[in-house]
Amino acid sequence: MILTLVIPSVFLRGTLPQKTATEIDGLAKLASMQGVAVGPTIWNESFNDITQWTLPATSIPAILQVNNLLKLTVALPSISSPQAISIYRSVNLSLDRDPLITISLTVSSGVSYGIRFFGTTANNASFAAWREGSSLQHRPGLGSRETISVNLVAESSLSNPSLSLTNARITRVLFYLEAPSLTSGNFALALYDMHVNSIMRTPANSFEVSGNFTGIVADMGPATTSQGLFQVFVGLDIKGSPNLSYTLYFTQGASVVAQAYTYAPKLATTYELALLSPALVRSAPLFTGKIGSSSLIVRPLAGEINFFRLDSVEIRFLSASPLPQAGLNPSNYNSLMFYYLTFLFVVPVAMVSLLVKVFKDEDEN
Amino acid sequence: MKTKILATLLVGLIARIELASFAGHPGDLALFAYSARLYYESGRFDYLFPTLPLVYYVQLAFYSLYVLMRDSGFSDLVFMFHTNYIVEGLFFRIPLVLSDLGIFALILRFTGKLRYAALYLLNPLIIYLTGAWGTYDSLMMLPLVYGFVLLAKNERRLASVSFVLAGLLKLFGFVPFGLLAIENLVHRKWKEFGIQLGIAGGLTSLSFAPYLGAGLQDFYVGFVLRFLGLSGASTRAYDVFAIFSGSLYTGSSPLIWLGVATIAILFVWHVRKSSSTLQPLLLWSLVAAVALNAFSQAEPQWLSWVIPLAILYAFVTKRTGLAYYSYFYGIASTFLSITILQSAGYLVLGTPLVFINAIENFPGSVAVYAITISSMLLVMLGYVFAKPVRFKVEIVALVCLVYLQAYFWLSIMRILPV
């Protein structure tokens, strides 16, 4: 019995003509690697000039105050349609300087808010550097202070994948508050800090880099298709501050196509074999690689990285499932569920009940 | 009697095959399919196969039959949003279904009662894991159960081999193996202890040998540290301690080591008093399975380990109530796993799909799951340690009450931020 299974498994090895499971050595494709850190502040909002801010005309009663912080207070009436109000200011941030904007704010609970950026290209064409589905949109107000960092190149790229961002600038930043219908009462948006840093990149010597970094970006060469991407295994050596915890991203341009679990250095070894999967994507990196490249990005969630070495990268593809056929549409799902539950619960329980009745006298034996 | 056995076998078999023909865990089956296809398509051995190596060998062996079909021109199809082909999924189930049938036969031979064997084969949790999910826990439970049967016949060395094989499929098999080793030490059977360790060392080395060629670093981090719970990755835990201590993603609780030490000490105390090895070994293996589900990640499939152990212990100690309770426990665990952890449509359609929001998609659902499961495990310990009692419908009501209370306080009243 065992031999009848072992012999075919030896002789049939490598005989399937299909190529549905493939693996490529990512390390062989590595173009460059950089240690990344937050650089000097290149712009700062001082919150002492209210004329810099614009509150568009609105029917919603609102007060805008600027005094070392910005406070927008609104009194929402109870109406049957959703309500929204926004404020904005002009800025002049060159995307060539790789700007990273950090915003500290509080928004009352009960309403939602969002942050939107707008810019112009080198040819003075306007573009919106925000997109629906981004974590910057429709965020619920927490009633407590939040700090948000946004990579403006990544946001611009994700919103405009085919746009050339060379010599482009961000020209406006906008905040909005929104509430569903029948929400009433006083709500506020308070901005405590808004500043922009440049990003400093330290090139690595071959596969390793040392210094104080808040990220590692490895350029894995021209973007390969993410179609059928199954897993990425990354072997790495990492050292950092005692509180270091980090995650990894695999990106195509600015889009995250796979993410790892959260890892912390172990006592036993500095080596880690990290698993990245499309199913684990739940956030985005602060630093991105080249727009036309695949990148592997290490992002500390706490602490900083002092040493990093890339030992191996295995990128795995499993052929994508064909699209579901029309034979089973949502209206048939209930029938399928009924069938499923019948064989899972009804048939076995009925059989056991029958057996227990039949063998009732066994209890006394 | 033969007709009843055949009828039971047929129902167990049909239920599994029917479910396996369309359902499956898209994540797990994609992992299995990838590794098997990599081997048979490009000839590459997958050193990063996510489970213990023996599982991979078994899967490759049975998959070769599927390869024969594909090589002879058979074309397979994907159902709905699943990640594997339909017939391919069936071939992954063959060793699991055979294991279930093997366990059924072992329990039947050991107890001589079809009722006990049927309580295993027709347990919805076992059917769910083998037929619908496609995970390999029954593959581990076959040598585990066989080990206890061999021990009952005083075949201690063969029992050790059987437990090691179970441990090489899922580490839990090393629990009875370790307890048996402790028992050898307690009774100063040095030679037996040495032979036992030799068997374990030999089989383990043999099993891992192909992996060592891929480099010790990946082997150490990918296997040794991961399977000892010392991995750097923070994966999700479903146990009650993780949920209420806010350490949902920090791996096993340190309390697990306290639990392991306590079980070892209590086993030594028990084995010194007992004239039999089987009963203490069964009892403390069962308690260890409960402890693992309470203190570590508590994956839903781990809940199945207690079922064959409870049935064997029920027979050995004449606790019919425990055997029946293990059946109810299987039904309830399946219901909770389907509704809370996966969504009803997940295994069926291959993508998460909620059918009834009120029981599938509610705030604090994982906490409700953990509390209900912990309560059921506690009731099981009650059946194990208290004097033998019949299984009563009040127990069903009690578990329902725990579920509803947890639902009320944690999901509706939101008294805790879980």
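Bear in mind the structure is a predicted one, so any value in this text is a computation, not a measurement.

A. Region of interest: the overall build of chain B. For chain B, the helix and strand inventory stands at 20 helices and 1 strand. Over its C-alpha atoms chain B spans a radius of gyration of 21 Å, differing by no more than 12% from the 22 Å that the globule rule assigns to 418 residues. Dimensions along the principal axes, computed over C-alpha positions, put chain B at roughly 60 × 55 × 55 Å. The contacts in chain B between residues at least 6 apart in sequence include a share of 70% that link residues at least 24 apart.

B. Representation of the overall build of chain A. Regarding its fold elements, chain A presents 3 helices and 22 strands. Over its C-alpha atoms chain A spans a radius of gyration of 27 Å, topping by over 25% the 21 Å that the globule rule assigns to 365 residues. Projected onto its principal axes, the C-alpha positions of chain A cover 90 × 60 × 45 Å. When the 365 residues of chain A are sorted by exposure, 34% land in the buried category. Pairs at least 24 apart in sequence give 80% of the contacts found in chain A among residues at least 6 apart.

C. Looking closely at the interface of chain A and chain B. Listed by partner, the interface residues are 51 residues for chain A and 62 residues for chain B. Breaking the side of chain A that touches chain B down by element, the ones donating at least two residues are α1 (2-11), β1 (21-25), β16 (229-240), β19 (262-263), β20 (271-277), β22 (305-318) and α3 (330-358) of chain A. The element contributing the most residues to the side of chain A that touches chain B is α3(A), with 13 residues. Here the residues of the side of chain A that touches chain B sort into 34 nonpolar, 9 polar and 8 charged.

D. Region of interest: the nonpolar core. Counting residues in hydrophobic clusters, the biggest one holds 224 residues, and the most contacted among them are A:I216, B:I107, B:L286 and B:A310. By residue number, the principal contributor to this core is helix α14 (residues 278-295) of chain B, which donates 13 residues. Among all residues touching A:I216, those that are not within four sequence positions of it are A:M33, A:G35, A:V36, A:V209, A:I297, A:V298, A:I305 and A:F308.

E. Geometry of the pairing of strand β7 (residues 100-107) of chain A. Residue and element names in this part refer to chain A. Relative to strand β11 (residues 145-151), β7 is paired through 7 bridges, and the arrangement is antiparallel. Within the sheet, the bridge partner assigned to L100 lies in β11 and is N151. Note that β7 and strand β13 (residues 185-203) share 8 bridges and pair antiparallel. Bridge pairing in β13 places I101 opposite V196.

F. Geometry of the pairing of strand β8 (residues 112-120) of chain A. Residue and element names in this part refer to chain A. The pairing of β8 with strand β10 (residues 139-140) spans 2 bridges and is antiparallel. Looking across to β10, one finds that Y113 is bridged to R139. In this sheet, strand β12 (residues 169-179) lies alongside β8 in antiparallel orientation, the contact comprising 9 bridges. Pairing of F118 across the sheet is with R172, part of β12. In terms of strand pairing, β8 meets strand β9 (residues 126-128) through 3 bridges, oriented antiparallel. Across the sheet, residue G119 finds its bridge partner in β9, namely F127.

G. Layout of unusual backbone geometry. Unusually for a residue other than glycine, A:S206 sits at a positive phi of about 50 degrees. The residue A:S206 is located in the loop between β13 and β14 (208-213) in this model. Not every positive phi belongs to a glycine, and B:N154 is a case in point at roughly 65 degrees. Mapping B:N154 onto the fold places it in the loop between α7 (137-152) and α8 (156-169).

H. Structural detail: the domain arrangement of chain A. All names here are of chain A. Segmentation of chain A into domains returns domain 1 (20-38 + 200-318) and domain 2 (40-198). Distance between the C-alpha centres of domain 1 and domain 2: 30 Å. A breakdown of the residues in the side of domain 1 that touches domain 2 according to their chemical character gives 6 nonpolar, 3 polar and no charged.

I. Focus on the packing of α7(B) against α8(B). All names here are of chain B. Close contact between α7 and α8 brings their axes to 8 Å; oriented N to C, the two are set at 165 degrees. With respect to α8, the axis of α7 lies roughly antiparallel. The two elements α7 and α8 meet at a crossing, and its hand is left-handed. Here L139, M140, P143, L144, Y146, G147, L150 and L151 of α7 come into contact with α8, specifically with R156, L158, A159, S162, F163, L165, A166 and L169. Grouping the constituent residues of the contact of α7 with α8 by class yields 13 nonpolar, 2 polar and 1 charged.

J. Geometry of helix α4 (residues 86-111) of chain B. Residues and elements named next belong to chain B. A rise of 1.5 Å per residue sets the reference length of α4, with its 26 residues, at 38 Å; its end C-alpha atoms lie 37 Å apart and thus fit the reference within 8%. Its axis deflected by about 35 degrees at R93, α4 carries its strongest bend there, up to four residues before the proline P95. Of the residues flanking the end of α4, it is G112, one or two places downstream, whose phi is positive at about 75 degrees.

Definitions and limits used
- Each chain has its residues counted from 1, running along the sequence as written.
- Numbering of ligands from 1 and lettering of chains from A proceed in the order in which they are written.
- Only residues with pLDDT of at least 70 get local features here, since the model is predicted, and only at 80 or more are side-chain atom pairs given and counted; chain-wide, interface and lining totals rely on the full set of residues.
- Strands here are runs of E lasting at least two residues and helices are runs of H or I lasting at least four, both read from the DSSP assignment and numbered beginning at the N terminus.
- In this description the radius of gyration comes from C-alpha coordinates, and the expected globular size is given by 2.2 Å times residues to the power 0.38.
- Contacts are defined on C-beta atoms placed from the backbone: any two residues whose C-beta positions lie within 7 Å are in contact.
- As a rule, residues whose C-beta atom has 12 or fewer other C-beta atoms within 10 Å are exposed, those with 20 or more are buried, and those in between are partly exposed; C-beta atoms are placed from the backbone.
- Lys, Arg, Asp and Glu make up the charged group, whereas Ala, Val, Leu, Ile, Met, Phe, Trp, Tyr, Cys and Pro make up the nonpolar group; the residues left over, Gly among them, are polar.
- By definition, a nonpolar core groups buried Ala, Val, Leu, Ile, Met, Phe, Trp, Tyr and Cys residues that are joined through C-beta atoms within 7 Å.
- Here the rule is simple: two strands pair whenever DSSP picks up at least two bridges between them.
- A domain assignment, automatic or from a database, supplies the domain bounds used here.
- Every axis corresponds to a line fitted to the C-alpha atoms, with the helix fit spanning only the stretch in contact, and the corresponding angles, defined between N-to-C directions, vary from 0 to 180 degrees.
- To sort the angles, those under 35 degrees are grouped as roughly parallel, those over 145 as roughly antiparallel, those from 65 to 115 as roughly perpendicular, and the leftovers as oblique.
- Take the far helix as the reference: if the near one is turned anticlockwise from it by less than a right angle, the crossing is left-handed, and if turned clockwise, right-handed.
- The length a helix should cover is 1.5 Å for every residue beyond the first.
- Bend at a residue means the angle formed by two fitted axes: the first through the 7 residues ending at that position, the second through the 7 residues beginning there.

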